[in-house]
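A structural walkthrough
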Amino acid sequence: MKILVTGGAGFIGSHLCDALVARNDQVVCLDNLSTGRMSNIAHLLGHPGFRFVEADLAEDVEVTPAVDVVFHLASPASPPDYQARPLETLSVGSLGTKHALRVAHRDGARFVLASTSEVYGDPAVHPQPEDYWGHVNPVGPRSMYDEAKRFAEALTAAYRRTLGVNTGIVRIFNTYGPRMKASDGRVVTNFITQALNGEALTLYGEGTQTRSFCYVDDLVRGLLAMADTAAPGPLNLGNPEELTIETFARLVLEITGSRSVVDHRPLPVDDPARRCPVIDRAWETLGWRPSVPAAEGLRRTVEWFRSVPGEVRAASRGDERLEPAGNASSAL
Ligand code: NAD
Ligand code: UDP
């Protein structure tokens, strides 16, 4: 099949491109490299089944030839990343989603939207089933991401209803694994790099807030399965193994063998207190459920970070944080 992956040079997108190329699909990876990087896809360049197009999806893009499936993943995803790029995040979630949907409409392609558990905000219902509508602050410090994704879901649903596009929405819960950027500011990367550098782990708040971490290979399996159906979703993809962030910190210390201490920092505003997916729908619709437990996935991820010591050290010094964050030249 011919496949367009927007955001294909990012963390999840690059693993998806790997899986598609491995099954002999023809992949067009479109990315503006704002939070992604060429090193994620360097091994695919030159492969006859892979083509990279550097473009901003918020600008109108021309994708040729016709494709059978569009995976729309383009969007910053880490809170520090999207908070440093508020206009770009809203642009790619709105205009970018429109442009990706137009490709699917033009080509009669299956369209899979990578939405997020953030559409549930700081959830009042726990664990979160898909028919919970969420508790989102529309003007808070996470709103550029949460509301962009909620709009993207609404636009996707409208293209399905009014234009008959074969769309499917997946709501991805915290995903981790090799190729995450050491400096992306997410809890997985912060704790691993801090532990490997012998620095204090920055635990925000009391550490009683929870997250459910899904290993990237499991997630990619779910994305592929979703593309192979005509199910509209929304459908949660995540690992229901729920951990407090304090427990997660202990697990990282154990797996890295680090003697780092834990340093409590203020809890960010609007930080969701609990997050855990109900995945019955994914099981019933796709026969999907995750298979990699947190401890095993973390071991693989730590091993990968050990293979890029320069990046881990640089993250600790904050070097990559010096890069300019977006140029706000996008259409919004
Ligand atoms: P990432 O930042 O590594 O990847 C996103 C990619 O999109 C990057 O390569 C970036 O350069 C690209 N991009 C951003 N704006 C673009 C634009 N205007 N035009 C073209 N490309 C653009 O993040 P990720 O963790 O790989 O997340 C991928 C997708 O999955 C995102 O849509 C994110 O919202 C969603 N998601 C991720 C998680 C997670 O835990 N990683 C959880 C929920 C949802
Ligand atoms: N967190 C933390 N220390 C860090 C980074 C994050 O304690 O150095 C917490 C954060 O407050 C949140 C959880 O870990 O409760 C997950 O944060 P992340 O940014 O990875 O993703 P989120 O799920 O909030 O989008």
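Everything below is about the structure shown above.
Residues numbered from 1 in each chain as written. Chains lettered and ligands numbered in written order. Predicted model: local features only at pLDDT ≥ 70, side-chain atom pairs only at ≥ 80, totals over all residues. Heavy atoms only, no water.

1. Brief notes about the site of ligand 1
What surrounds ligand 1 is a group of 28 residues, the closest being Asp 31, Thr 35, Asp 56, Leu 73 and Tyr 145. Residue Asn 32 places a main-chain N or O atom 3.2 Å away from a nitrogen atom belonging to ligand 1. Contact distances for ligand 1 include 2.9 Å between a nitrogen atom and a backbone N or O atom of Leu 57. Of all the elements in the fold, those that place two or more residues in the shell around ligand 1 are α1 (11-22), β5 (110-116) and α4 (143-163). Looking at the shell around ligand 1 element by element, the count peaks at three residues for β5. Across the shell around ligand 1, the residue classes break down as 13 nonpolar, 11 polar and four charged. (Near = heavy atom within 4 Å. Polar contact = N/O pair within 3.5 Å; in protein donor to acceptor, adjacent residues only side chain to side chain. Helix = DSSP H or I, 4+ residues; strand = E, 2+ residues; numbered from the N terminus. Nonpolar A, V, L, I, M, F, W, Y, C, P; charged D, E, K, R; others polar.)

2. So, the nonpolar core
Counting residues in hydrophobic clusters, the biggest one holds 64 residues, and the most contacted among them are Leu 16, Phe 50, Phe 71, Leu 223 and Leu 237. Of the residues forming this core, the biggest block, eight residues, is contributed by helix α6 (residues 216-227). Counting residues in hydrophobic clusters, the runner-up holds 22 residues, among them Leu 4, Val 28, Ala 104 and Phe 111. (Core = buried A, V, L, I, M, F, W, Y, C linked by side-chain atoms within 4.5 Å. Buried < 20%, exposed > 50% of the residue type's maximum accessible area, 1.4 Å probe, protein only.)

3. Re the side chain of Arg 171
In this structure, Arg 171 sits in strand β6 (residues 166-172). For Arg 171, a relative accessible area of 8% corresponds to the buried category. Ignoring sequence-local partners within four residues, the contact set of Arg 171 consists of Ser 115, Thr 116, Ser 117, Val 119, Tyr 120, Glu 130, Tyr 132, Glu 153, Pro 234, Leu 235, Asn 236 and Leu 237. (Contact = heavy atoms within 4.5 Å.)

4. Re the site of ligand 2
Around ligand 2 there are 18 residues in total, and Thr 202, Tyr 204, Arg 211, Asp 271 and Arg 275 lie nearest to it. With respect to ligand 2, the side chain of Arg 211 contributes an N or O atom lying 2.7 Å from an oxygen atom. One of the side-chain nitrogen or oxygen atoms of Arg 275 is found 2.7 Å away from an oxygen atom of ligand 2. Mapped by element, the contributors of at least two residues to the shell around ligand 2 are α5 (187-196) and β8 (201-204). The residue inventory of the shell around ligand 2, partitioned by class, reads seven nonpolar, five polar and six charged.

5. Quick look at unusual backbone geometry
The step from Thr 64 to Pro 65 runs through a cis peptide bond, and the omega angle for that step is -10°. By secondary structure assignment, the location of Pro 65 is in the loop between β3 (50-54) and β4 (69-72). Of note, the amide linkage connecting His 126 to Pro 127 takes the cis form, showing an omega dihedral of -10°. Relative to the helices and strands, Pro 127 is located in the loop between β5 and α4.

6. So, the side chain of Asp 31
Note on placement: Asp 31 falls in strand β2 (residues 26-31). The buried charged residue Asp 31 lacks any salt bridge, with Lys 181 as its nearest oppositely charged partner at 9.8 Å. A polar atom in the side chain of Asp 31 sits 3.4 Å from the backbone nitrogen of Gly 8. Polar contacts involving the side chain of Asp 31 include one to the main-chain amide nitrogen of Ala 9, which spans 2.9 Å. (Lys, Arg positive; Asp, Glu negative; His and termini not counted. Salt bridge = Lys/Arg side-chain N within 4 Å of Asp/Glu carboxyl O.)

7. Some details on the pattern of salt bridges
Two side chains bearing opposite charge may form a pair once their charged atoms approach each other closely. Here the structure, examined in full by the defined rule, presents 21 salt bridges. For the salt bridge of Glu 311 with Arg 37, the shortest nitrogen-to-oxygen distance reads 3.1 Å. Taken as a pair, Glu 311 in helix α10 (residues 309-317) and Arg 37 in the loop between β2 and β3 lie far apart in primary sequence, 274 residues in all. Here Glu 311 and Arg 37 have matching classes, each one buried. A salt bridge links Arg 106 to Asp 107, with the nearest nitrogen and oxygen atoms 2.6 Å apart. With a relative accessible area of 45%, Arg 106 lands in the partly exposed category. By sharing partners, the salt bridges in this structure join Glu 118, Arg 142, Arg 211, Asp 271 and Arg 275 into a single network.

Functional significance is not addressed by these values, which are geometric in nature.
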